[in-house]
Amino acid sequence: MATVEEVRESLRAFQTNYLGNTRLQEMNRGWDRVIRIEVEDHPDVFTLILENGELRLEEQSGRKPHMVVRGDSEIVTGVFFGELAPTEPYLKGELTVSGSQEDVLRLDFISLMIWGA
Amino acid sequence: MAGKVVSVSLGSSRRDDRVEATFLGKAFEISRVGMDGDIDRAEKMIRELDGKVAAIGLGGIDINLVAKGERYVLRDGLRLKEAARVTPVVDGGGLKDTLEREAVRHLAARVTPPLLGPPTPVLMVCALDRFGMAEALVEAGCPVVFGDLIFTMGMSYPIRSLEELAGLAKRLLPEMAKLPFNLLYPTGKEQEKPSDDRFSAYFQEATVVAGDYHYIRKYLPPEITGKTILTQTITAADVEDLRRRGAAWLVTTTPALGGRSYATNVMEALLVAILGKQPEEIAADDYFFLLRQLGFVPRIEKLN
């Protein structure tokens, strides 16, 4: 089981790598989304907010999410640190992503653009 | 007795059809059966047809995507191909690479006035499922916008070179190819949703709109006056819809059979049945030779 601090660090690593990729920011300009991250074995909830191509991390955000990503702390940390491609846990049901088909695909795209396969 | 060729499609059953035709003196019954997006039902149907028909086409799904010589195997497509042990199963990929390159050359050099050429801006809705056509359009000197990201995930990011497209494919497809195919491509009822015009600007900038018709239809604007549509599977209702929206020309890379242009998977299955070989034994030159014998040329129709 990963600690809350590790989950937070993985999300920050994801954010830092996203913001370091100007092409990715350009690609996502206009795709404004609130993505809630729920960790099954911790009560803490994190929120990734994409606005005008930029990405920020919030805790205790009251914003209504467009998408919810849910998994245990090991899976969530592994995916956001790029140690684990999201596809396999997604297909096994260990990582669930709710949202429109296009949004789910877009989030997978962003993750692969940051971390690769 | 007629040779039977069946296209098992993940698309809507509303587009089902059946036609009988004779090619090089042999009679064929060609049918298309839509599975309404149900991949399990498609797999079962292929198992039932295996050994009973001459060839099976896979519609609404690809087995492979190709970019600059790299081949990416789609997990769901492979699953359906492997459902048959005896009868050859094809997705149209082999034929796309020959027929569609040839179709672009035909429009650039053998039609007066040419419908394609160096100044003709082209919107290719998705290039990864027909890289041969994409390369031929670039070779013809057309400035091409590849809409793979726009049309698969609604991202307003036009790709303007084959190199960028191939680079993105290398980064993304090894993982994305494992995803359920219905996340990547409209299947079943998704194919019947009304068009969404949020990407109209890309259509307006182009003179020719090329590629898979389900993707074209997905974001087709209400008005496309003067545009040429270069595609394949298209029904009489689709043709009327394009006419109403003002399209000038319709070019389909496969010939009309019974008033309809069938998908390349159907035509490839037909050619495999005529040749009586396994797809792995067929070279591009075999397809070229047979296409010339059959006199297959693009169907060109003036709509407005």
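Computed from a predicted structure; not experimentally measured. For every chain, the first residue of the written sequence is number 1, and numbering continues from 1 onward in sequence order. Chain labels run from A onward and ligand labels from 1 onward, assigned in the order the entries are written. Reporting in this predicted model follows two pLDDT cut-offs: at least 70 for local features of residues, and 80 or more for side-chain atom pairs to be given and counted; totals over whole chains, interfaces and linings ignore these cut-offs and use all residues. Computation of side-chain values covers all heavy atoms of the structure but excludes hydrogens and water.

### Quick word on the overall build of chain A
Helix and strand definitions follow DSSP, with helices as H or I runs of at least four residues and strands as E runs of at least two, each counted in order from the N terminus. The number of helices and strands found in chain A is 5 helices and 5 strands. Shown N-terminal to C-terminal, the secondary structure of chain A runs as helices and strands in the order α-α-β-β-β-β-α-α-β-α. Restricting the calculation to C-alpha atoms gives the radius of gyration, and the globule rule supplies 2.2 Å times the number of residues raised to the power 0.38. In terms of overall size, chain A behaves like a compact globule, its C-alpha atoms giving a radius of gyration of 13 Å where 117 residues would be expected to give roughly 13 Å. Overall size of chain A, expressed as C-alpha extent along the three principal axes, is 35 × 30 × 25 Å. A burial count over chain A gives 53% of its 117 residues as buried. Throughout, exposure labels follow a simple rule: accessible area from a 1.4 Å probe, protein chains only, divided by the maximum for the residue type, with under 20% read as buried, over 50% as exposed, and the rest as partly exposed.

### Let's talk about the overall build of chain B
For chain B, the helix and strand inventory stands at 12 helices and 15 strands. For 304 residues, the compact-globule estimate of 2.2 N^0.38 gives 19 Å, and chain B sits close to it at 18 Å. With the C-alpha coordinates of chain B rotated into their principal frame, the extents come out at 50 × 40 × 35 Å. Residues counted as buried form 62% of the 304 residues belonging to chain B.

### Thoughts on the interface of chain A and chain B
Counting residues at the interface gives 21 residues for chain A and 23 residues for chain B. Reported buried area values correspond to the accessible surface (1.4 Å probe) lost by two parts on association, with both partners' losses combined. A buried area of about 2,100 Å², summed over both sides, lies between chain A and chain B, and 63% of it is on carbon and sulfur atoms. Summed over the three residues of chain A that lose the most area to chain B, namely Q101(A), E102(A) and L105(A), the buried surface amounts to 30% of that side. One speaks of a salt bridge when a side-chain nitrogen belonging to Lys or Arg is within 4 Å of a carboxyl oxygen belonging to Asp or Glu. For the pair chain A and chain B, the interface holds 5 salt bridges. Across the pair E102(A) and K218(B) runs a salt bridge, and its minimum N-O distance is 3.6 Å. By the criterion applied in these results, polar contacts are pairs of N or O atoms within 3.5 Å in which, for protein atoms, one can donate a hydrogen and the other can accept it, and in which residues neighboring in sequence qualify only through two side-chain atoms. Between chain A and chain B we count 10 residue pairs in polar contact (both at pLDDT 80 or more) in total. With 10 residues, helix 5 (residues 101–115) of chain A is the largest single contributor of residues to the side of chain A that touches chain B. Any two residues whose heavy atoms approach within 4.5 Å are treated as being in contact.

### Let's talk about the pairing of strand 2 (residues 45–51) of chain A
All names here are of chain A. Of all 7 residues in strand 2, 5 are buried; the element is thus mostly enclosed. What makes two strands pair is DSSP finding at least two bridges between them. In this structure, strand 1 (residues 33–39) lies alongside strand 2, joined through 6 bridges in antiparallel fashion. Residue pairing in the sheet places R33 in a bridge with L50 of strand 2. The hairpin turn running from strand 1 into strand 2, its antiparallel successor, is 5 residues long.

### Describing the environment of L165(B)
Residues and elements named next belong to chain B. Here L165 is to be found in helix 6 (residues 162–176). Among the residues examined, L165 registers a relative accessible area of 2% and is labelled buried. For the pair L165 and G147, spaced 18 residues apart in sequence, the C-alpha to C-alpha distance is 9.7 Å. Discounting chain neighbours no more than four positions away, the residues touching L165 are A127, L128, F131, D148 and I159.

### Let's talk about the layout of surface pockets
Empty space among the atoms becomes apparent when a probe as large as a water molecule is rolled across them. Residue and element names in this part refer to chain B. Taken as a whole, the largest pocket holds about 670 Å³ of empty space. Buriedness for pockets is judged along seven lines, at least five of which must meet protein on both sides within 12 Å for an open set on the 1 Å grid over protein atoms alone, while cavities are sets there where a 1.4 Å probe fits but cannot get out, and lining residues have an atom within 4 Å of a point. N64, R71, D91, G93 and G94 are, among the 31 residues lining the largest pocket, the residues nearest its centre. Looking at the lining of the largest pocket, the element that brings in the most residues is helix 3 (residues 93–109), giving 6 residues. Of the domains in this structure, domain 1 (3–91 + 265–297) and domain 2 (96–256) are the two that each give at least three residues to the lining of the largest pocket. Grid points are joined across faces, edges and corners, and a volume is the space filled by probe spheres set on the points. Where each domain begins and ends is defined by an automated method or by a domain database.

### Regarding the domain arrangement of chain B
Residue and element names in this part refer to chain B. The domains assigned to chain B are domain 1 (3–91 + 265–297) and domain 2 (96–256). Relative to domain 2, the C-alpha centre of domain 1 lies at a distance of 22 Å. The interface of domain 1 with domain 2 comprises 28 residues on the first partner and 34 residues on the second. Both faces considered, domain 1 and domain 2 share a buried interface measuring about 2,700 Å² in area, 64% of it formed by carbon and sulfur atoms. Contact with domain 2 buries area across many residues of domain 1, yet R15, K68 and Y72 alone supply 25% of it, more than any other trio. Counting across the domain 1 and domain 2 interface gives 4 salt bridges. Between D238 and R15 there is a salt bridge; the shortest N-O distance is 3.1 Å.

### Here's the deal with helix 6 of chain B
Roughly 40° is the biggest bend found in helix 6 of chain B, and it falls at K170(B), with proline P174(B) one to four residues downstream. All of the buried residues along helix 6 of chain B are L162(B), L165(B), A166(B), L168(B), A169(B), L172(B), L173(B), E175(B) and M176(B). Bend at a residue means the angle formed by two fitted axes: the first through the 7 residues ending at that position, the second through the 7 residues beginning there.

### A closer look at helix 5 of chain A
For an α-helix, the turn length of 3.6 residues means that residues three or four places apart are oriented alike. Residues and elements named next belong to chain A. Every helix has an expected span of 1.5 Å times one less than the residues it contains. End to end, helix 5 covers 21 Å across 15 residues, agreeing with the expected 21 Å (1.5 Å per residue, within 8%). In terms of burial, helix 5 is a largely internal element, 13 of the 15 residues being buried. Where helix 5 ends, the next residue or the one after it, G116, has phi of about 75°, a positive value.

### Concerning the packing of aromatic side chains
All names here are of chain B. Two aromatic rings, drawn from Phe, Tyr or Trp (for Trp, its six-membered ring), form a pair once their centres lie within 6.5 Å of each other, and the interplanar angle then sorts them: stacked below 30 degrees, edge-to-face above 60, tilted otherwise. Enumeration according to the criterion identifies 9 aromatic pairs over all chains in this entry. When the ring of F151 is compared with that of F203, the centres are 6.0 Å apart and the planes differ by 70°; the resulting orientation is edge-to-face. Residue F151 is located in helix 5 (residues 148–153), and its partner F203 is located in helix 8 (residues 200–205); the two are separated by 52 residues in the primary sequence. By the burial criterion, F151 is buried, and F203 matches it. Through successive ring pairs, a cluster of aromatic residues spans F151, F199, Y202, F203 and Y219. When the ring centre of W249 is taken as reference, the NZ or CZ atom of K302 above it lies at 4.9 Å. In this analysis the charged atom, NZ for Lys or CZ for Arg, is taken to sit over a ring once it is within 6 Å of the ring centre and within 35 degrees of the ring normal.

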